[in-house]
Amino acid sequence: MNKRLKKIAEFIENGVGFVDVGTDHGYLPAHMAVKGYSGNIYAADLREGPLSSAKHTAEHCGVTDKMEFILCDGLELCPKDNIDTIVIAGMGGDNICGILDRAEWCMDQKYKLILQPMKKAEILRYWLSNNEFIIENEALVSDGGVIYQVVTARFGGVQTLNEAELYTGKYELIHDDPLFFDYLKVQIRRFENTLAGLKMSGLEQYKPKIALCSEILAQLQEMKK
């Protein structure tokens, strides 16, 4: 269990059950089983190789009888009546959106989503806010020199995020995180570099993008204040 997975585990509460989508080696579900998670535990993966690794991890930890393994694409074969928590971590935000988009049953207040995008978090937050999901928690974790974002969400409401918050997370939820200002600096530098490159091109077609990047940068700098 690395720091990234440990941070995700902090948001899993005892309940009906949870599924770890794209489980890979199955470290997260095995960890929760060892810690005494009381509900159903499902490790799901698209490929047989990772699922076999997850079974080996469970066997090594002595928790094979406490877990079930599902070979499927996303949430395709997930027993929706046996869980109340969905974990999708370690993949791009666009891929996470695709998995959720294909499983309309998760658009129900009973399900807590714990999401950890490796990239394109702004696409994920945009999808959530435009599909009536409320982001309930935001967290940052540093692991191997990289700052990762963890988002928890639940269906059933309207939530507005400005353009910059799509990248940083909802300010009210994340600004007290010890890593927030470090992450904010990364985003400010990112948009400063993007803006400089766009302006240097001098191309008329980039004017709308320059305007958008300028607005996002201003919002990021306002957060820094």
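Because the structure is predicted, anything quoted here is derived from the model rather than measured. (Residues numbered from 1 in each chain as written. Predicted model: local features only at pLDDT ≥ 70, side-chain atom pairs only at ≥ 80, totals over all residues. Heavy atoms only, no water.)

A. Representation of the pairing of strand S7 (residues 146–155). Among the 10 residues in S7, seven count as buried, and that is most of the element. Pairing of strand S5 (residues 112–117) with S7, which is carried by three bridges, proceeds in the antiparallel orientation. The partner of Leu113 across the bridge, within S7, is Ala153. As judged from the 10 bridges shared by strand S6 (residues 133–143) and S7, these two strands associate in the antiparallel manner. Paired with Leu140 across the strands is Gln149, a residue of S7. Where S6 folds back onto S7 in an antiparallel hairpin, the turn is made up of two residues, including Gly144, whose phi is positive at roughly 65 degrees. (Buried < 20%, exposed > 50% of the residue type's maximum accessible area, 1.4 Å probe, protein only. Helix = DSSP H or I, 4+ residues; strand = E, 2+ residues; numbered from the N terminus. Pairing = 2+ DSSP bridges.)

B. Highlighting helix H5 (residues 121–129). Within the span of H5, buried status applies to Ala121, Glu122, Leu124, Arg125, Trp127 and Leu128. Of the surrounding secondary structure, the elements contacted by the buried residues of H5 are helix H4 (93–101), S5, S6, S7, helix H6 (165–168) and helix H8 (180–201). (Contact = heavy atoms within 4.5 Å.)

C. Fine view of the packing of aromatic side chains. Under the counting rule described, the total for this entry stands at seven aromatic pairs. Their ring planes at 85 degrees and their centres at 5.1 Å tell us that Phe18 and Tyr37 sit as a pair that is edge-to-face. In this pair, Phe18 is assigned in strand S1 (residues 17–21) and Tyr37 in the loop between helix H2 (27–34) and strand S2 (40–45), connecting sequence segments 19 residues apart. Residue classification places Phe18 among the buried residues on the basis of a relative accessible area of 0%. Classification of Tyr37 as buried rests on a relative accessible area of 9%. Residues Tyr171 and Phe180 carry aromatic rings whose centres are separated by 5.9 Å and whose planes lie at 70 degrees to one another, so their mutual orientation is edge-to-face. A residue is classified by how much of its surface remains accessible, and Tyr171, at 28% relative accessible area, is partly exposed. Judged by relative accessible area, Phe180 falls into the buried class, the value being 0%. An aromatic cluster is built from Trp127, Phe133 and Phe155, whose rings are joined through pairwise contacts. Over the face of the ring belonging to Tyr148 we find Arg4, whose NZ or CZ atom lies 5.9 Å from the ring centre. (Phe/Tyr/Trp six-rings, centres within 6.5 Å; stacked < 30°, edge-to-face > 60°. Lys NZ or Arg CZ within 6 Å of the ring centre and 35° of its normal.)

D. Spatial organisation of the layout of surface pockets. Within this model, the largest pocket holds a volume of roughly 270 Å³. The wall of the largest pocket is formed by 18 residues, among which Arg4, Leu5, Gly22, Thr23 and Asp24 lie closest to the centre. When residues of the lining of the largest pocket are traced back to their parent elements, those giving at least two are helix H1 (3–9), H2 and strand S4 (85–91). Sorting elements by how many residues they give to the lining of the largest pocket places S4 first, with four residues. When grouped by side-chain class, the residues that make up the lining of the largest pocket number seven nonpolar, six polar and five charged. (1 Å grid on protein atoms, 1.4 Å probe; cavity = no way out; pocket = protein on both sides within 12 Å on 5 of 7 lines; lining within 4 Å. Points joined across faces, edges and corners; volume = space filled by probe spheres on them. Nonpolar A, V, L, I, M, F, W, Y, C, P; charged D, E, K, R; others polar.)

E. Focus on the nonpolar core. Counting 49 residues, the largest nonpolar core has Val19, Leu75, Ile86, Ile88, Leu100 and Leu128 as the members making the most contacts within it. Take this core: its biggest share by element is seven residues, from H8. Those residues in contact with Ile88 that lie beyond four places of it in its chain are Val21, Ile96, Ile99, Leu100, Ile114, Leu115 and Gln116. One finds Ala30, Ala33, Val87 and Ala89 within the second-largest nonpolar core, a separate group that totals 21 residues. (Core = buried A, V, L, I, M, F, W, Y, C linked by side-chain atoms within 4.5 Å.)

F. The pairing of S4, seen in detail. Most of S4 is tucked away: six of the seven residues are buried. Judged from the four bridges that link them, S1 and S4 form a sheet pairing that is parallel. Across the sheet, residue Val19 finds its bridge partner in S4, namely Ile86. By the bridge criterion, six bridges tie S4 to S5 in an arrangement that is parallel. Within the sheet, the bridge partner assigned to Val87 lies in S5 and is Ile114.

G. Main features of the pattern of salt bridges. Per the counting criterion, the structure on display carries nine salt bridges. Of the charged contacts in the structure, one is a salt bridge between Lys120 and Asp94, with a shortest N-O distance of 3.3 Å. Note that Lys120 is positioned in the loop between S5 and H5 and Asp94 in helix H4, a separation of 26 residues in sequence. Residue class for Lys120 comes out partly exposed when judged on its relative accessible area of 34%. The shortest N-O distance in the salt bridge between Glu204 and Lys207 comes to 3.3 Å. Residue classification places Glu204 among the exposed residues on the basis of a relative accessible area of 58%. (Salt bridge = Lys/Arg side-chain N within 4 Å of Asp/Glu carboxyl O.)

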